[in-house]
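# Descriptive analysis of the structure
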Amino acid sequence: MNDIPAIPWFHLWPLMLVAGLLLGISYLQKLNLEKALLLAYARSIVQLLALAWVLDLVFKGHHPVLVFLLLTAMLLVAAQQVVQRQHQSIKGLYLMVVLSMAFGLMVIGIPMIWGAIQPNPWFKAELVIPLMGMLIGNSLNGLSLGLERMHNELEHKKTGVELLMNLGVRPAVACRDVLREAFKVAWTPTLNSLTVAGLVIIPGLMTGVVLAGISPMKAIAYQLLIFYGIFGHLGVSTFCLF
C-alpha cells in the first residue's frame, strides 16, 4: 500500500485564497454573510483539529468502549443539529431523532460493517468510526430537510388536515400527503448523488481508498457498500421518525 504524502501546513495557503474569495463575493453582492463565513471558517478548523486529536486517542487506545463512546457522541451531536435547524420546536423531537438514527445504525450499519467488511478486530476504530460517521452525517442532512418540509406542508395544508381529522380520519391518514412530500425531500439529495455516481463525481470514500493505494476496482466495492448503507440508514431513520 502506498504512503499518502503529507501536506505541510504552509502549503494550505489556497484555503485562505478561497476564504478571501468567498468573503469578497459576499461583500460585493451585499449578502451580509461575512460574519457567518468567518465563524464557519474558525469553527471548521477548531472542530477538525479536535476531531483529529480525539481520533488519535481512540485509535491508540484500541478499546471497544472508546469506539462506542465516540459513536454515541457523534449520534447525539447529529440529532442536536437536526433539531436546531428546525424553525419550530417540537416536544420530544430530540429523543425521537436519536432513537430513529440509532435504530437505523443497528439495522443498516451493523450488517454493513460486521457482515460485509468483517474488520479484525471487530471494533477496529479506523473502519467503524469513519463508516458509521458517514451514515450519521448524511442522515443528518436528509432528516433536517424532511422535517423542514413537513413543517411547511403542515402550515400550508393545516385547514385540510384539521378538517379530515374532525371528520374522524386518523392523523396518520390525514397527514399522508404531507409525510410523502417530507420523505421525497429527505431522500432526493442522496438519490441524486447515487444517480450520478461515477459519471459526474468521484465519491469521497472511493477517492480516499484510492489515495490509500487500493486499486479502483476494490475501491468500488467499498463505495457501493457505503452508498447503499447511507441510503438505507436514511430510509430507516426517516421511516421511524415520520
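Residues numbered from 1 in each chain as written. Predicted model: local features only at pLDDT ≥ 70, side-chain atom pairs only at ≥ 80, totals over all residues. Heavy atoms only, no water.

## A few points about the overall build of the protein
Helix and strand content of the protein: 10 helices and zero strands. Overall, the C-alpha framework of the protein stretches about 65 × 50 × 35 Å when taken along its three principal axes. A burial count over the protein gives 31% of its 242 residues as buried. Long-range contacts, defined as pairs at least 24 residues apart, comprise 68% of the intrachain contacts of the protein with a sequence gap of at least 6. Computed over 15 positive and 10 negative side-chain charges, the inter-centroid distance for the protein is 3 Å. (Helix = DSSP H or I, 4+ residues; strand = E, 2+ residues; numbered from the N terminus. Buried < 20%, exposed > 50% of the residue type's maximum accessible area, 1.4 Å probe, protein only. Contact = heavy atoms within 4.5 Å. Lys, Arg positive; Asp, Glu negative; His and termini not counted. Charge placed at Lys NZ, Arg CZ, Asp CG, Glu CD.)

## Notes on a nonpolar patch on the surface
Residues Val-18, Leu-21, Leu-22, Ile-25, Leu-31 and Leu-33 make up a contiguous nonpolar surface patch of about 510 Å² in total accessible area. Mapped onto the elements, Leu-31 comes out in the loop between helix H1 (13-28) and helix H2 (34-61). For Leu-31, a relative accessible area of 45% translates into the label partly exposed. (Patch = residues over 30% accessible without salt bridge, like charges linked within 9 Å, V, L, I, M, F, W, Y side chains within 5 Å. Areas by Shrake-Rupley, 256 points an atom, 1.4 Å probe, with all protein chains shown as cover. Salt bridge = Lys/Arg side-chain N within 4 Å of Asp/Glu carboxyl O.)

## Some words on the side chain of Glu-153
Here Glu-153 is to be found in helix H5 (residues 125-156). When residues no more than four places from it in sequence are discounted, the contact partners of Glu-153 are Val-178 and Glu-181.

## Describing helix H3 (residues 64-84)
Between its first and last C-alpha, H3 extends 30 Å over 21 residues, near the 30 Å set by a 1.5 Å rise per residue. Those residues of H3 lying buried are Val-67, Leu-70, Leu-71, Leu-75, Ala-78, Ala-79 and Val-82. On its buried face, H3 sits against H2, helix H4 (93-117) and H5. (Expected span 1.5 Å × (residues − 1).)

## Concerning the packing of aromatic side chains
Under the criterion given, the structure shown has five aromatic pairs. Ring plane angle 50° and centroid distance 6.4 Å describe the contact between Trp-114 and Trp-122, whose orientation is recorded as tilted. Here Phe-183 and Trp-187 contribute two aromatic rings whose centre-to-centre distance is 5.9 Å and whose plane-to-plane angle is 90°, an arrangement assigned as edge-to-face. Here Phe-183 and its partner Trp-187 are both found in helix H8 (residues 176-196), four residues apart, which amounts to about one turn of the helix. Note on Trp-187: relative accessible area 33%, which makes it partly exposed. Three or more aromatic residues link up through ring pairs in this structure, and these residues are Phe-183, Trp-187, Phe-231 and Phe-242. (Phe/Tyr/Trp six-rings, centres within 6.5 Å; stacked < 30°, edge-to-face > 60°.)

## Here's the deal with the nonpolar core
The biggest cluster of nonpolar side chains holds 39 residues, and the ones touching the most others in it are Val-97, Ile-129 and Phe-242. Elements with a contribution of two residues or more to this core: H2, H3, H4, H5, H8 and helix H10 (216-241). Ranked by residues supplied to this core, first place goes to H5 with 11 residues. Those residues in contact with Phe-242 that lie beyond four places of it in its chain are Gly-146, Leu-147, Met-150, Leu-179, Ala-182, Phe-183 and Ala-186. (Core = buried A, V, L, I, M, F, W, Y, C linked by side-chain atoms within 4.5 Å.)

## Side note on the packing of H4 against H10
Direction vectors running N to C along H4 and H10 enclose 150°, while the axes themselves pass 8 Å from each other. Classed by the angle they form, the pair H4 and H10 counts as roughly antiparallel. As for how H4 packs across H10, the hand of that crossing is right-handed. Here the residues of the contact of H4 with H10 sort into 17 nonpolar, six polar and no charged. (Axes fitted to C-alpha atoms, helices over the stretch in contact; angles between N-to-C directions. Parallel < 35°, antiparallel > 145°, perpendicular 65-115°, else oblique. Left-handed = near helix turned anticlockwise from the far one by under 90°. Nonpolar A, V, L, I, M, F, W, Y, C, P; charged D, E, K, R; others polar.)

## Let's talk about unusual backbone geometry
Negative phi values dominate among residues other than glycine, just as trans dominates among peptide bonds. The linkage connecting Asn-120 with the following residue, Pro-121, adopts the cis geometry, with an omega of 0°. Mapping Pro-121 onto the fold places it in the loop between H4 and H5. With a phi close to 60°, Asn-32 is a non-glycine residue in the positive phi region. Within the fold, Asn-32 resides in the loop between H1 and H2. On the basis of relative accessibility, which here comes to 67%, the residue Asn-32 falls in the exposed class.

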